Amino acid sequence: MQREEVVKYRSFDGAEVTAFLVRPSTSANSAVVVVHEIFGITDFIRNITRRLASLGYLAIAPNLYSRRANVFTEERITGVMRRFWSIPPERRASGEAVAELMRTLTVEEQEIVRELVVDRVKTEERMINDLVAAYNHVKETYGVSKVAVMGFCMGGGLAFEALTRVPFDAGVIYYGRNPRNLEDLAKVKGAILAIYAGEDPSINQGLPDLMRAVITYKPRFEMAFYPGTRHAFATEGGPVYNEAAAKDAWERTVNFLRKYLG
Amino acid sequence: MSSTGSAITDCFLTWVDILEEAEKSKVGGGKGRMHGPTGKHEHKPD
């Protein structure tokens, strides 16, 4: 029987990161680090983690909001997103418009905007370092021989970046942003499966550069592109869930993991 | 939406758009407001 627990590991700065861990019913030779969307450890992420364990992998989903878990809840993050509706779409990335909105928010909501929008570079680096620490924790603690990383949305971009930092054996990127420096693809040890939604302009605008880098640096790279779907099409129960595409992407994911993790 | 150059902020702003569209599409249809990515809703009383 699978076993679920919340574990803790120490990150680069000494902080404790909590993680949702599911152990498979049999002993695992490989592990998958699951990187959550912008909403944190949701039911969807827990279900993905369980599904991976049902395939025989030790699956662990670090909570990248661990340091402020009481503030960064799914409900509060969604609430802050809703507050952004008051800004015209073309100005939502504008520092001035965001600063103006900040003045109307609660202290907790301001903290969310500061971390996810204003101080994004710092936050991103911290989260990537938490994933590097997760890789080390898994390798040192659970006696597995291979480790993959899999991320969705925000977590897809973070997972892609993490692949350039530590020698994961494989990576599955669901609609994630490219690594910051595409030359870093030369450092990727593991095979990559990159999954994209057809209607996802902010992510897909990076694809021409990614293709050029793949041709130049030659990582093991597979790609699936789903026309007619939107960012987050695999999030079950979500507003843009596409069952056919999600099932097909999952089947590709399973085949890919079997190929590279065993 | 153009990219901000950040995986975090791009995802955040994309979800702002997705939730806004989902909310608009519910006008005149369903009750309550979408509460998150997994379709949880805050139901208003009848």
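Cut-offs used in this document
- Residues numbered from 1 in each chain as written.
- Chains lettered and ligands numbered in written order.
- Predicted model: local features only at pLDDT ≥ 70, side-chain atom pairs only at ≥ 80, totals over all residues.
- Heavy atoms only, no water.
- Domains from an automatic or database assignment.
- Contact = heavy atoms within 4.5 Å.
- Salt bridge = Lys/Arg side-chain N within 4 Å of Asp/Glu carboxyl O.
- Polar contact = N/O pair within 3.5 Å; in protein donor to acceptor, adjacent residues only side chain to side chain.
- Nonpolar A, V, L, I, M, F, W, Y, C, P; charged D, E, K, R; others polar.
- Pairing = 2+ DSSP bridges.
- Helix = DSSP H or I, 4+ residues; strand = E, 2+ residues; numbered from the N terminus.
- Axes fitted to C-alpha atoms, helices over the stretch in contact; angles between N-to-C directions.
- Parallel < 35°, antiparallel > 145°, perpendicular 65-115°, else oblique.
- Buried < 20%, exposed > 50% of the residue type's maximum accessible area, 1.4 Å probe, protein only.

Enquirer: What exactly am I supposed to notice about the domain arrangement of chain A here?
Expert: When the parts of a complex come together, some accessible area is lost, and that lost area is often taken as the interface size. Residue and element names in this part refer to chain A. When the domains of chain A are assigned, the result is domain 1 (3-67 + 124-261) and domain 2 (74-121). Each partner contributes to the interface: domain 1 provides seven residues, whereas domain 2 provides eight residues. Our enumeration of links across domain 1 and domain 2 arrives at one salt bridge. Here E115 makes a salt bridge to R126, at a shortest N to O gap of 3.0 Å. Here domain 1 and domain 2 share four residue pairs in polar contact (both at pLDDT 80 or more) between them. Within the side of domain 1 that touches domain 2, the residues separate by chemical class into three nonpolar, one polar and three charged.

Enquirer: What am I meant to see in the sheet that holds strand β8 (residues 221-230) of chain A here?
Expert: Remark on secondary structure: sheet strands pair via backbone hydrogen bonds, oriented parallel or antiparallel. Residue and element names in this part refer to chain A. In space, the eight strands of this open sheet follow the order β1-β2-β4-β3-β5-β6-β7-β8, with mixed pairing throughout. Lying at the two open borders of the sheet, with one neighbouring strand each, are β1 (3-10) and β8. Strand after strand, the sheet turns through a mean of 20 degrees between neighbouring axes, direction not considered. Across five bridges, strand β5 (residues 146-152) lies against strand β6 (residues 170-174) in parallel orientation.

Enquirer: How should the packing of helix α5 (residues 120-141) of chain A against helix α1 (residues 7-26) of chain B be read in this particular structure?
Expert: A pair of packed helices is captured by two measures, namely the crossing angle of their axes and the spacing between those axes. Where α5(A) contacts α1(B), the axes come no closer than 8 Å and their chain directions differ by 110 degrees. By the angle class used here, α5(A) and α1(B) are roughly perpendicular. Across the interface between the two elements, A:R120, A:T123, A:E124 and A:M127 from α5(A) touch B:A7, B:I8 and B:T9 from α1(B). A class-by-class count of the residues in the contact of α5(A) with α1(B) yields three nonpolar, two polar and two charged.

Enquirer: Can you help me understand helix α2 (residues 74-83) of chain A in this one?
Expert: Spacing of three or four residues puts side chains on the same side of an α-helix, whose turn is 3.6 residues. Among the ten residues of α2(A), seven are classified as buried, and the element is accordingly described as predominantly covered. Among all positions in α2(A), only A:E74, A:I77, A:T78, A:G79, A:V80, A:M81 and A:R82 are buried.

Enquirer: What am I meant to see in the environment of A:A224 here?
Expert: Position of A:A224 among the secondary structure elements: in strand β8. The residues contacting A:A224, other than those within four sequence positions of it, are A:A194, A:I195, A:Y196 and A:R252.

Enquirer: In this structure, what is going on with the side chain of A:E111? I would like to understand it.
Expert: Residue and element names in this part refer to chain A. Following the sequence through the fold, E111 ends up in helix α4 (residues 107-118). The class of E111 is buried, set by a relative accessible area of 15%. Ignoring sequence-local partners within four residues, the contact set of E111 consists of R68, V71 and F72.

Enquirer: Any chance you could explain the pairing of strand β7 (residues 191-199) of chain A here in plain terms?
Expert: The side chains of a regular strand alternate, first on one face of the sheet and then on the other. All names here are of chain A. By the criterion of burial, β7 is predominantly enclosed, with eight of the nine residues buried. Sheet topology places β6 next to β7; five bridges connect them, and they run parallel. The partner of I173 across the bridge, within β7, is A194. Direction of pairing for β7 relative to β8: parallel, over a ladder of seven bridges. Within β8, the residue paired with A197 across the bridge is Y226.

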